[in-house]
Amino acid sequence: MSPDAAKPSSDRDRTYFGAITASLSHEINNVLAIINELTGLLSDYLVAAAGGRPLEPDKLEHAIGRIQAQLERGKQHVQQLNHFAHTVDNSRQQLDAREALDQTVQICQRFATLRKCRLEADPPQGPVPLTCCPFDLEHVLFRCIDAGLGCTGTGGTLAIRTEPSGSGGVRFVFEGRQPLEDASAAAARIAPAEQVADSLGCNLEVQAADGLPLRLVLEVPAEMECGGSAS
Amino acid sequence: MEPLRVLIVDDEEEFVNPLVERLNLRGFEARGVTTGEEALRLIDGNQFDVVLLDVKMPGLGGLDVIRSIREKYPRLQVILLTGHTSVQDERTGQELGCFEYLIKPVNIDQLVEIFHRACGQNRGNQTS
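Conventions we followed
- Residues numbered from 1 in each chain as written.
- Chains lettered and ligands numbered in written order.
- Predicted model: local features only at pLDDT ≥ 70, side-chain atom pairs only at ≥ 80, totals over all residues.
- Pairing = 2+ DSSP bridges.
- Helix = DSSP H or I, 4+ residues; strand = E, 2+ residues; numbered from the N terminus.
- Axes fitted to C-alpha atoms, helices over the stretch in contact; angles between N-to-C directions.
- Contact = placed C-beta atoms within 7 Å.
- pLDDT = per-residue confidence, 0-100.
- Domains from an automatic or database assignment.
- Nonpolar A, V, L, I, M, F, W, Y, C, P; charged D, E, K, R; others polar.
- Buried ≥ 20, exposed ≤ 12 C-beta atoms within 10 Å, placed from the backbone.
- Right-handed = clockwise from strand over helix to strand, strands pointing away.
- Core = buried A, V, L, I, M, F, W, Y, C linked by C-beta atoms within 7 Å.

Residue and element names in this part refer to chain A. Taken in spatial order, the five strands line up as S2-S4-S5-S7-S6 in an open sheet, and their pairing is mixed. The open sheet has two edge strands, strand S2 (118-122) and strand S6 (203-207), and neither has a second partner. Strand-to-strand twist in this sheet, taken as the mean axis angle between neighbours without regard to direction, amounts to 15°. Inspection of the sheet shows strand S5 (residues 170-179) paired to strand S7 (residues 213-220) by seven bridges, in the antiparallel sense. From the neighbouring strand, Arg171 faces S7, where its bridge partner is Glu219. Those strands touched by helix H4 (residues 134-151) are S2, strand S4 (157-164), S5 and S7, and its axis lies near 175° from that of S7. Those strands touched by helix H5 (residues 183-199) are S6 and S7, and its axis lies near 165° from that of S6.

This is how it looks when you write it as structure tokens:
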């Protein structure tokens, strides 16, 4: 069992909060650092020009284009952070599960990159309505993705599908694209996701055997109370 | 005097390229790479006076790289740079003998001053 699996739910909420805000603020810091260097470079060109070196319009245009691209990237990260902050606004609301998954996948892309993995989601065409606490739903999705990435080797892919479940709820399927090499290590990585799913009244079915691809199936009931009492 | 030889290691290429150009404009001999693995290969075959190393990178992270550098080139100065204000990472970096632990973004004049200070005593990873 991983250390996080043994923690009470409030501690697990805190570690989730910390993981998301640390990752997004790190990304925003990276964007600021790049803009800092690019604007500094433009300033260096102007200083050099004042000393008699001719300005090169192509270089200026290139640097400005890169700054604009970073501003767009920074805007996306700020929107993700803002979305995450607002997941605690309502303890119970109707939402589209596709959007919750999309937000979580976007936030988890850096976690995938750091593990040299790919993360792919294939959302269904139509809306997937759920009544739940957005924070709790995104928390359990994050735990499943984190567990899946942790079990996916370098260069591997974790694919996510969303489909309706028989009970009127939603089923999220997380599948590795390559065989597991160490099922006992995988069990420790999956334990926090199982704990969170259980505490929220969701069911997490795990297929983690040596030589077979990892498969996690998360069943979320159509209505889920904040903090976990399924109704 | 020979220019200081600086290696910039960061997985953000958009960060590395302008910083290398700015340092070269200031008289450094700067090179940049985007992975810890590339950094170790380059250090093995070249002389550097100081390495500016990102902490969080895919594959070999900055703390792994500094451990390898310490084993082979104990005199090579390493400055850690990160977007994370992690107390634990900073403590580990200091235990591994990093010269400074900097948080992004960094002012170029401050960075230049730190490079000169770091290289005040020793120059070159290949020197014994």
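All names here are of chain B. The share of residues in chain B with pLDDT of 70 or more is 94%, and the mean pLDDT across the chain is 92. Element-level mean pLDDT values for chain B span from 89 in helix H4 (residues 87-95) up to 98 in strand S2 (residues 29-33). Across the whole predicted complex the pTM is 0.89, and at the interface the ipTM reaches 0.90.

All names here are of chain B. Read from one edge of the open sheet, five strands run S2-S1-S3-S4-S5, paired in parallel fashion. Of all strands in the sheet, those with a lone pairing partner are S2 and strand S5 (100-103), marking the two edges. Across this sheet, the average inter-strand angle for adjacent strands is 20°, counted without regard to direction. Here helix H1 (residues 13-25) sits on the sheet and contacts strand S1 (5-9) and S2; the angle it forms with S2, its principal contact strand, is near 175°.

This paragraph deals with the domain arrangement of chain A. Residue and element names in this part refer to chain A. Taken domain by domain, chain A comprises domain 1 (3-86) and domain 2 (94-228). With 13 residues of domain 1 at the interface, the matching set in domain 2 holds 12 residues. Sorting the residues of the side of domain 1 that touches domain 2 by element identifies helix H1 (9-50) and helix H2 (57-86) as the ones contributing at least two each. Here the side of domain 1 that touches domain 2 gets eight residues from one element, more than from any other, and that element is H1. When its residues are assigned to classes, the side of domain 1 that touches domain 2 shows five nonpolar, four polar and four charged.

Bringing the interface of chain A and chain B into the picture now. Note on interface size: it is often stated as the accessible area lost on association of the parts. Each partner contributes to the interface: chain A provides 18 residues, whereas chain B provides 16 residues. Here the side of chain A that touches chain B takes 13 residues from H1(A), the largest share from any one element. A class-by-class count of the residues in the side of chain A that touches chain B yields seven nonpolar, seven polar and four charged.

As a further point, take unusual backbone geometry. Of note, the amide linkage connecting Lys104(B) to Pro105(B) takes the cis form, showing an omega dihedral of -10°. Summarising the element assignment, Pro105(B) is placed in the loop between S5 and helix H5 (108-118). Phi is positive for Lys116(A), which is not a glycine, with a value near 55°. Residue placement: Lys116(A) occurs in the loop between helix H3 (97-114) and S2.

Take the pairing of strand S4 (residues 77-82) of chain B next. Residue and element names in this part refer to chain B. Of all six residues in S4, six are buried, a share of seventy percent or more. Neither face of S4 is left uncovered, since the one carrying Gln77, Ile79 and Leu81 and the one carrying Val78, Leu80 and Thr82 both have all their residues buried. Pairing of strand S3 (residues 50-54) with S4, which is carried by five bridges, proceeds in the parallel orientation. Across the sheet, residue Leu53 finds its bridge partner in S4, namely Leu80. Running through helix H3 (residues 62-72), the crossover from S3 to the neighbouring parallel element S4 is right-handed. The pairing of S4 with S5 spans four bridges and is classified as parallel.

We now examine the nonpolar core. What tends to happen in soluble globular proteins is that the nonpolar side chains get buried as a cluster. In terms of nonpolar packing, the biggest core is built from 45 residues, with Val140(A), Leu141(A), Cys144(A), Ile145(A) and Leu218(A) touching the most fellow members. Mapped onto this core, the elements with two or more residues apiece are H1, H3, strand S3 (129-132), H4, S4, S5, H5 and S7 of chain A. Looking at which element gives the most residues to this core, the answer is H4(A), with 10 residues. Residue contributions to this core reach at least three from each of two domains, namely domain 1 (3-86) and domain 2 (94-228) of chain A. With sequence-adjacent residues up to four places away left out, Leu141(A) is seen in contact with Ala100(A), Leu101(A), Thr104(A) and Phe172(A). Formed by 38 residues, the second largest nonpolar core is a distinct cluster that contains Phe48(B), Val65(B), Leu81(B) and Phe115(B).

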